[in-house]
Structure formats: structure tokens, C-alpha cells
Amino acid sequence: MRDSKSAGVVTPQYVQIDKPLQLKSGLELASYHLVYETYGQLNAARSNAVLICHALSGNHHVAGVYADKEKSFGWWDNMVGPGKPIDTNRFFVIGMNNLGGCHGSTGPASIDTRTGKHYGASFPVVTVEDWVETQAQLTEHLGIAQFAAIVGGSLGGMQALQWTLDYPEKVRHALVIAAAAKLTAQNIAFNDVARQAIMTDQEFYGGNYYAYDTLPRRGLRLARMLGHITYLSDDSMAAKFGRSLRNEELSFGFDVEFEIESYLRYQGDKFADLFDANSYLLMTKALDYFNPADAYAGDLSAAFRVAKADYLILSFTSDWRFSPERSREIVKALLDNKMNVSYAEITSSHGHDSFLMETEYYHQLVRAYMDNIST
Amino acid sequence: MHELTMNDTTEPSTIALRPDFAAIAEWIKPGAKVLDLGCGDGSLLRYLRDTRHVFGYGVEIDDDNLLNCFRNGVNAIQYDLESGLSSFESDSFDYVILSQTLQAMRHTEGIIQEMLRVGKEGIVSFPNFGYWRNRMQVISGRMPVSKALPYHWYDTPNIHLCTLGDFEALCRQCNAHILERRVMSNDHPVQFLPNLMGMLAFYRFERKG
């Protein structure tokens, strides 16, 4: 076992991009800024860069801790750091907040300099392809011609996949974890219920709630509670909460009684205070729209013909939101193209959230794969 | 499942000394596309990559083996062979190898059919149950335990043990045309009475017609 520790104190950095971004929707974003963090050192050959793409509610703070905030560890601190599976002693790791997010990159809660007001509902719908383009802009800014690896779980895995299609020469390895090449109808349905929860909140004001100095907190809370249920598994919820009650006896009322209710409400409340509802809408849309096979009459194998990267695809047995079946579809398309690909179906009871968990075998797999990547 | 016969090791020098790997490698044309079913820790695939420059994938269900495949830097896919090879297109590999795995499979006939579909040629190796020492142990009243069959009857993963004759009959049944056969005993080739004297059997075959 290697000595592994946190990436230490990190400071977010900003970059202003004034090159207009042509969005997939046909709209254009004249300029925007991106917030990012880096861990480890870029080597002289500039060949050891790793990009971490975040999922629905993630951000640029992947690893390490902020100097002024105790316990403010990054969301993937167990995976990224010195001696960790994605080892910052070897790799120069970059985390970036996606465009449309709410953690520092330009998003709906940002001020539109043209109007002096919050973007709100006027912020354009962004796609995975658009994100890859913004990440490519950051890459150029940092002087990185090619990534040793691009890594992502869930929606982040979609970005890693898209990178290998849009910039085949710029990605040597893609680690695609608990992801899918497209969402199923059921998955889109969950996203739409979440969106409806937000958009039917009376405080939503058509997305311009900033002007009314309020937040669609109840809607976002419900959206998160629903999402959270789908990220866990039946078994993990049973193991963690079962039918435990907060008090010893039933109250025959509608207040919080079961521990699971208490937990979900707490998670929902916490999230509603930290996340922007418009960003949540955008992220779920990006998930729904992702479908690289679309341009090839649904033929995913055809979509991967341009790809040159080597791939690691990982799924988790209890993940029903991004099930192993979805990962096997990706693997099949890569096999059809005779790409270098490895695939593991990891036994886990934690559902979709497994990709964030510090599970020994999962981390051993990622470590083994990363160790074989030359820098 | 290579460990069924010998202790695998990831030391290249030791791998090179494994006669069963060498026997398979001799059949593989350089640069071929290879699918190794039940690839264990990926040692054979790595050996074929290093000595024959093959491009290939291993298929393995066991977690520990899969992790070692990753460490060996070979492509490894965690699928259950028992459910077939539906992720692999017909005629998409030059060779499909089933090295010392056949005897542990439930759907023996099914996997041979799938090998014939996916590969231009199939290569199978297995411990010969008809080996004289195995026969002696059965005659003496006990199930055989040996270097090639290291398990006891109660803890063995081997559910479909066979002799050379049995396998050749299965090939006829599956419309597999045998191109070549090699038989080894204690790492040496066997010519005389192979079904009696052979410990390990290797077959190279293709679809008939």
C-alpha cells in the first residue's frame, strides 16, 4: 500500500474565454469564464495531464482542501491525490466547473454583461459537446496538446467519451465510469420529473427568480430527493435505513417518521441551499440530449470509427440508473472497432453512487489501469 | 483459468518457459487478432502480444484475475462466457483461444459453437482425463488428483472433464474440422498412444465447409 494523502491546499483559478462559443443548439455565447483547479505538476513534455469531468452536481473542486475552510475536501478526494489511484505524483490533474454550472464558471446565476442582469432563463441550453469545446479552450489556455487520460463518472463519463470523438488526437486514454452512450426513456423520465418539480415551484418565476430575490427551493429539494433515490440501490437503502423510525412509536401523521424520510429531506435541504436550480435544469438536459450515435442513424459502432483512444469502461452491479447493460453497449461499440478496451463490472451495493465510493477493488482497478499509462 | 495446471506468474522470463503457452503461440500467426476466453490473469495474452505482436482481448469473469489482467496491461473484458459471445461479431478474430477453461464450463457445446462463429480458427487446450495416471487412480478407486488436475472431487471447478477421444467426438458433432493436435506430458510432446500418455491436449480447428 502506497502512502496516500490529500492533494493538500488548493486554490481555484479562473480563465476568461473571449472566443465565441458556437453551441450545438445553434446559439452562440460571445464570451464566458471558467473556474478550474489543478493538482500535481505538468511535466516538461506536457504529457501527463489528466482531465476529470464532473457529473450532475459536481464541480471543479475534485481534490484537496481550501485553506480557509476546514474539511472542504474535493468531491473525488479519495480517488485523486498523491499516491491515490489517480496519482498526482505522476499526473497533472485538472478539474473544471462546467459551463452553465453554479460554482464559478459562467452559468444562469452569472451576470450577463450585456444586460447587467442575471442570465436566468436566457442562459442557453448546453450539451456535452459544448462542454467538451469549453474544456478544449481551457486545455489550449494551459498549453496542453494531449491528455494522458480523461476521466469521468456518470455525466462526466459522457464527456470523456465525447472527447475521444471530437478530439481523437488529444486523448490517449478515456476512463468512462458508470456512464451510458445514451439515456433510456426511464432515465429521461426521472430527469423530467426533477425538472417539473423545479419549474412548477411558485418561486421559479420562469427561471428569473434572481430578480425576485428568491429561490425555487422546494422544487430543487424535491428534484434532489428524487435523484438521490435513484442514485442508491434498494439494498443499500435497506441496509442503511431499513424501516428504522426516528421515534420509538408511530405517530399516525405525516411528519418525518422513518429515518429514510429524514435523510432524504436533509439531503434535499442541503442541496437546495448550495445548488442553482437553473444549473440543475441545464445539467439534466445535457444528460438527456447525449447520444453520439444519433448522427450515425443510431449506430454507436459507427460513431466510434473516428476514435483513437484506449478505453477503460467500468460499471457497478447495483447501478440501475446507469446500469451495466449501458456500459456493455459502449464496450460492444469499441470491440466492433477493435479499440483497446477493458471492462469491469464491479460488484457493489451502493447503486449509481458507487463511482464516488472508496471501495478497495474499484480503486485497485483504476490504480492498475492508471499505472500502465505512460506519461 | 490457467492456474488450473500451473502456478501463473507475471514474470516474463517464467512465462516464456511455460510450454503450454509456447505450444499455443506456435500456432498463432504474427499480428493476428486474438480472443482469449477465460484468460486468467492475462499472462498468455501478454505473452502472445510480446512474442507474436497480436492484438487481442481477454474475457474473464473472476475479479482477482481481471485485476491482474489490468496490471498486466492487456485488454480484458469482464463477461460471463456461459452467456455466449454476443458482444463479438462473427468472423471478427483470427483465433479464439480457450486455454484450460473448457473443462470448467457448463455450456461446453455452446462455447465451441460460439468459437467457430467468432473466430476463423479455434484453439482449445484441456487436461486429458484419459491420461494413464488418471486412469490408474480411478482403477485404484479414487478420483484423480495430479499436476494437471490439482483439485479434489469436492472442490473442483472442473465439471466437464474429457479425454482426447471425447473431445474429437464433440468436434465432429459441432462441425468443427480439426486442423492440428498436440499432446504433451510433463512439458514434452507425446506421439505414442496420446490418449493414454498425454497429460495436456491442444487442438486447432475451424468451421467445416
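Residues numbered from 1 in each chain as written. Chains lettered and ligands numbered in written order. Predicted model: local features only at pLDDT ≥ 70, side-chain atom pairs only at ≥ 80, totals over all residues. Heavy atoms only, no water.

What follows concerns the overall build of chain A. When its secondary structure is counted, chain A shows ten helices and 14 strands. Taken over the C-alpha trace, chain A has a radius of gyration of 20 Å; the compact-globule value for 375 residues is 21 Å, and the two agree within 12%. Principal-axis analysis of the C-alpha atoms places the extent of chain A at approximately 65 × 50 × 50 Å. Within the span of chain A, comprising 375 residues, buried residues form 58% of the whole. Taking the intrachain contacts of chain A between residues at least 6 apart in sequence as the baseline, contacts between residues at least 24 apart amount to 72%. Taken as a whole, chain A presents about 15,900 Å² of accessible surface, with 50% of it coming from carbon and sulfur. (Helix = DSSP H or I, 4+ residues; strand = E, 2+ residues; numbered from the N terminus. Rg over C-alpha atoms; globule rule 2.2 N^0.38 Å. Buried < 20%, exposed > 50% of the residue type's maximum accessible area, 1.4 Å probe, protein only. Contact = heavy atoms within 4.5 Å. Areas by Shrake-Rupley, 256 points an atom, 1.4 Å probe, with all protein chains shown as cover.)

The next thing to look at is the overall build of chain B. Across its full length, chain B holds eight helices and eight strands. By the burial criterion, 53% of the 209 residues in chain B qualify as buried. Here the contacts in chain B between residues at least 6 apart in sequence split such that 66% fall between residues at least 24 apart. A total of about 9,200 Å² of accessible surface is found on chain B, and carbon and sulfur atoms cover 53% of it.

Turning to the pairing of strand 13 (residues 310-316) of chain A, a few remarks are in order. All names here are of chain A. Extensive coverage of strand 13 is indicated by the burial of six of its seven residues. Inspection of the sheet shows strand 12 (residues 173-177) paired to strand 13 by five bridges, in the parallel sense. Looking across to strand 13, one finds that H173 is bridged to D310. Sheet analysis places strand 13 next to strand 14 (residues 341-346), joined by six bridges and oriented parallel. Following the sheet pairing, I313 is matched in strand 14 by Y343. In the classification by handedness, the crossover that spans strand 13, the intervening helix 9 (residues 324-336) and the parallel strand 14 is right-handed. (Pairing = 2+ DSSP bridges. Right-handed = clockwise from strand over helix to strand, strands pointing away.)

Each partner contributes residues to the interface: chain B has 22 residues there, and chain A has 22 residues. Taken together, the two surfaces of chain B and chain A that pack against each other cover about 1,800 Å², and 57% of this comes from carbon and sulfur. Counting the contacts that link chain B with chain A gives one salt bridge. In this structure, E89 of chain B engages K332 of chain A in a salt bridge whose closest nitrogen and oxygen atoms are separated by 2.5 Å. There are twelve residue pairs in polar contact (both at pLDDT 80 or more) connecting chain B and chain A. Broken down by secondary-structure element, the contributors of at least two residues to the side of chain B that touches chain A are strand 2 (55-59), helix 4 (63-72) and strand 3 (76-77) of chain B. By residue number, the principal contributor to the side of chain B that touches chain A is helix 4 of chain B, which donates six residues. (Buried area = accessible area lost by both parts, 1.4 Å probe. Salt bridge = Lys/Arg side-chain N within 4 Å of Asp/Glu carboxyl O. Polar contact = N/O pair within 3.5 Å; in protein donor to acceptor, adjacent residues only side chain to side chain.)

In this structure the tally under the stated criterion is 26 aromatic pairs over all chains. With a centroid separation of 5.2 Å and an interplanar angle of 45°, the aromatic rings of W163 of chain A and Y167 of chain A are classed as tilted. Grouping residues by exposure puts W163 of chain A and Y167 of chain A together as buried. Taking 5.6 Å as the distance between ring centres and 90° as the angle between the ring planes, the aromatic pair formed by W153 of chain B and Y154 of chain B counts as edge-to-face. For the residue pair W153 of chain B and Y154 of chain B, the accessibility class agrees, reading exposed in each case. (Phe/Tyr/Trp six-rings, centres within 6.5 Å; stacked < 30°, edge-to-face > 60°.)

Two quantities define a packed helix pair, namely the angle between the helix axes and the distance between the axes. Residue and element names in this part refer to chain A. Close contact between helix 1 (residues 128-141) and helix 2 (residues 155-166) brings their axes to 9 Å; oriented N to C, the two are set at 70°. One finds that helix 1 runs roughly perpendicular with respect to helix 2. Between helix 1 and helix 2, the residues in contact are V128, E129, W131, V132, Q135, A136 and T139 and L155, M158, Q159, Q162, W163 and D166, respectively. When its residues are assigned to classes, the contact of helix 1 with helix 2 shows seven nonpolar, four polar and two charged. (Axes fitted to C-alpha atoms, helices over the stretch in contact; angles between N-to-C directions. Parallel < 35°, antiparallel > 145°, perpendicular 65-115°, else oblique. Nonpolar A, V, L, I, M, F, W, Y, C, P; charged D, E, K, R; others polar.)

Take the state of the cysteines next. Using the criterion set out here, one finds zero disulfides over all chains in the structure. Between C174 of chain B, a free cysteine, and C171 of chain B, which holds the nearest cysteine sulfur, the sulfur-to-sulfur gap is 6.9 Å. (Disulfide = S-S within 2.5 Å.)

The subject of this paragraph is the nonpolar core. Judged by nonpolar contacts, the single largest core of 171 residues is most densely connected at Y311 of chain A together with I112 of chain B. Not counting chain neighbours up to four residues away, the residues in contact with Y311 of chain A comprise L161, T164, A174, F304, L334, M339, N340, V341, S342 and Y369 of chain A. (Core = buried A, V, L, I, M, F, W, Y, C linked by side-chain atoms within 4.5 Å.)

With that settled, the discussion passes to the pattern of salt bridges. Within this structure, the stated rule accounts for 24 salt bridges over all chains. Measuring nitrogen to oxygen at the nearest pair gives 3.3 Å for the salt bridge that ties K84 of chain A to D77 of chain A. Since its relative accessible area comes to 12%, D77 of chain A is described here as buried. Across the pair R326 of chain A and E329 of chain A runs a salt bridge whose closest N-O atoms are separated by 2.7 Å. Pair noted here: R326 of chain A and E329 of chain A are both in helix 9, with a separation of three residues, about one helical turn. Looking at E329 of chain A, the relative accessible area reads 27%, which means it is partly exposed. The network of salt bridges with shared partners includes E26, E121, E180, R182 and R204 of chain B.

Once that is clear, we can look at unusual backbone geometry. All names here are of chain A. A positive phi angle, near 60°, is found at S154, a position not held by glycine. According to the relative accessible area criterion, S154 is buried, its value standing at 6%. Positive phi, close to 55°, is recorded for K338, a residue that is not glycine. The residue K338 is located in the loop between helix 9 and strand 14 in this model. In this structure K338 comes out as partly exposed when scored by relative accessible area, which is 22%.

All names here are of chain A. Where burial is concerned, most of strand 12 is hidden: five out of the five residues are buried. The alternating pattern of strand 12 places H173, L175 and I177 and A174 and V176 on opposite faces, both of which are buried. A crossover links strand 11 (residues 149-153) with its parallel partner strand 12, the connecting element being helix 2, and its sense is right-handed.

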